[in-house]
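Chains, contacts and geometry: an overview
So you can see what is in the structure, the chains are spelled out below.
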Amino acid sequence: MANMLNLGILASGRGSNFQAIIDEIEAGSLPAAIKLLIVDNAGAYAVERAKKHAIDYLYLDPKASPTKDAYFSAMALELKKRGVELVVLAGFMRIVRKPLLDAFPNSILNIHPALLPSFPGLHGQEQAVRHGVRISGCTVHFVDGGMDTGPIIIQAAVPVSPADTEDELSERILKMEHRIYPEAIRLYAEGRLHVADGAVEISGYEMHDSYIVNPPLGNRK
Ligand code: GRF
């Protein structure tokens, strides 16, 4: 496919979002190539997925770097070496530091299992259940130096039942994560995302480009 976008994926764990991206690429519906998976945890299941799909991977041990900045410099170097254009955080459990942000300006994405700016940080789903919100969801956003801050690209809403456990809500949200993450990458690959004043504009904007509501609004009697 022409004009393929070169991706670098960062993960710490199971990598189901990484898998969703792999699946869309293999199905021919995402014009991208995964150049490298980097994990910060030697036991991350994401590595098994990389092996299965013949994707280059690297374990970078955070303890082997003298400082956090040095760790992210090393990471930037490995990604640049392979021609990565967009860095995709897929369950990567660290705050990204300046050397990587500087190397990839407005070119690092994250997915978070809540409707930001509500419930940032760990356990977004548990926070939603505890607060008794009626709607939660997930958010894909550009990464800045903060914790789940940064300009929002796409959100998906899911209903929350008062009877939900954290696991049940997590599972419902995860299904939507797997839909909106490849979609956000596609919008980036098409050159349609522009950051202005801390917000994302989508060129050729259609309402459905940047949100999904499940079930759709207006379907209920
Ligand atoms: C997802 O819930 C994502 O929103 C959060 O971490 C989890 C990663 O899951 N950032 P997986 O590793 O992609 O399965």
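Section: the site of the ligand
Taken together, Arg14, Gly15, Ser16, Asn17, Gly91, Ile111, His112, Pro113 and Glu177 make up the full set of residues adjacent to the ligand. Residue Arg14 places a side-chain N or O atom 2.5 Å away from an oxygen atom belonging to the ligand. Between Gly15 and the ligand, the recorded distance is 2.8 Å, taken from a backbone N or O atom to an oxygen atom. Calculation on the ligand without its partners gives an accessible area of 370 Å², and the protein chains cover 86% of this total. The cavity that encloses the ligand is the largest pocket. Of all the secondary structure elements, the ones that give two or more residues to the shell around the ligand are helix H1 (16-26) and strand S5 (108-112).

A word on the side chain of His112
Assignment of secondary structure puts His112 in strand S5. Given a relative accessible area of 3%, His112 falls into the buried group. Side-chain polar atoms of His112 contact the backbone oxygen of Phe119, separated by 2.6 Å. Not counting residues within four places of it along the chain, the set of residues in contact with His112 comprises Phe119, Pro120, Gly121, Gly124, Gly137, Cys138, Thr139 and Asp148.

Observations concerning the packing of helix H5 (residues 124-131) against helix H6 (residues 166-189)
The contact between H5 and H6 brings their axes to 9 Å, and the two run at 120°. Between H5 and H6, the crossing angle belongs to the class labelled oblique. The hand of the H5/H6 crossing is right-handed. Residues Gln125, Glu126, Ala128 and Val129 of H5 lie in contact with H6, whose contacting residues are Glu166, Leu169, Ser170 and Ile173. A class-by-class count of the residues in the contact of H5 with H6 yields 4 nonpolar, 2 polar and 2 charged.

Describing the domain arrangement of the protein chain
What the domain assignment lists for the protein chain is domain 1 (1-105) and domain 2 (112-221). Taken together, the contact between domain 1 and domain 2 spans 19 residues of the former and 15 residues of the latter. Counting the surface domain 1 buries against domain 2, the share from its top three residues, Asn17, Leu30 and Ile95, is 28%. Between domain 1 and domain 2 we count 1 salt bridge in total. Of the charged contacts, one joins Arg186 and Glu24 as a salt bridge, the two residues approaching to 2.8 Å between their closest N and O atoms. The interface formed by domain 1 and domain 2 contains 5 residue pairs in polar contact (both at pLDDT 80 or more).

Re the layout of surface pockets
Taken as a whole, the largest pocket encloses approximately 890 Å³ of empty space. Lining the largest pocket are 35 residues, and of these Gly91, Phe92, Met93, Ile111 and Pro113 lie nearest its centre. Elements that contribute at least two residues to the lining of the largest pocket include exactly H1, S5, H5 and H6. Per-element accounting of the lining of the largest pocket gives the leading share, 5 residues, to H6.

So, the pattern of salt bridges
In total, this model carries 12 salt bridges according to the counting rule given. In this structure, the salt-bridge partner of Asp102 is Lys98, at a minimum N-O distance of 2.7 Å. In this pair, Asp102 and Lys98 both sit in helix H4 (residues 98-103), 4 residues apart, roughly one turn of the helix. Judged by its relative accessible area of 54%, Lys98 falls in the exposed class. Put simply, Glu190 and Arg192 hold a salt bridge, and the shortest N to O gap is 3.0 Å. Residue classification places Arg192 among the buried positions, given a relative accessible area of 18%.

Some details on the environment of Glu183
Along the chain, the position of Glu183 falls in helix H6. Since its relative accessible area comes to 25%, Glu183 is described here as partly exposed. Sequence separation between Glu183 and Asp148 is 35 residues, and the spatial gap between their C-alpha atoms is 19 Å.

Parameters and conventions
Residues numbered from 1 in each chain as written. Predicted model: local features only at pLDDT ≥ 70, side-chain atom pairs only at ≥ 80, totals over all residues. Heavy atoms only, no water. Near = heavy atom within 4 Å. Polar contact = N/O pair within 3.5 Å; in protein donor to acceptor, adjacent residues only side chain to side chain. Areas by Shrake-Rupley, 256 points an atom, 1.4 Å probe, with all protein chains shown as cover. 1 Å grid on protein atoms, 1.4 Å probe; cavity = no way out; pocket = protein on both sides within 12 Å on 5 of 7 lines; lining within 4 Å. Sits in = over half its atoms within 2 Å of the grid points. Helix = DSSP H or I, 4+ residues; strand = E, 2+ residues; numbered from the N terminus. Buried < 20%, exposed > 50% of the residue type's maximum accessible area, 1.4 Å probe, protein only. Contact = heavy atoms within 4.5 Å. Axes fitted to C-alpha atoms, helices over the stretch in contact; angles between N-to-C directions. Parallel < 35°, antiparallel > 145°, perpendicular 65-115°, else oblique. Left-handed = near helix turned anticlockwise from the far one by under 90°. Nonpolar A, V, L, I, M, F, W, Y, C, P; charged D, E, K, R; others polar. Domains from an automatic or database assignment. Buried area = accessible area lost by both parts, 1.4 Å probe. Salt bridge = Lys/Arg side-chain N within 4 Å of Asp/Glu carboxyl O. Points joined across faces, edges and corners; volume = space filled by probe spheres on them.

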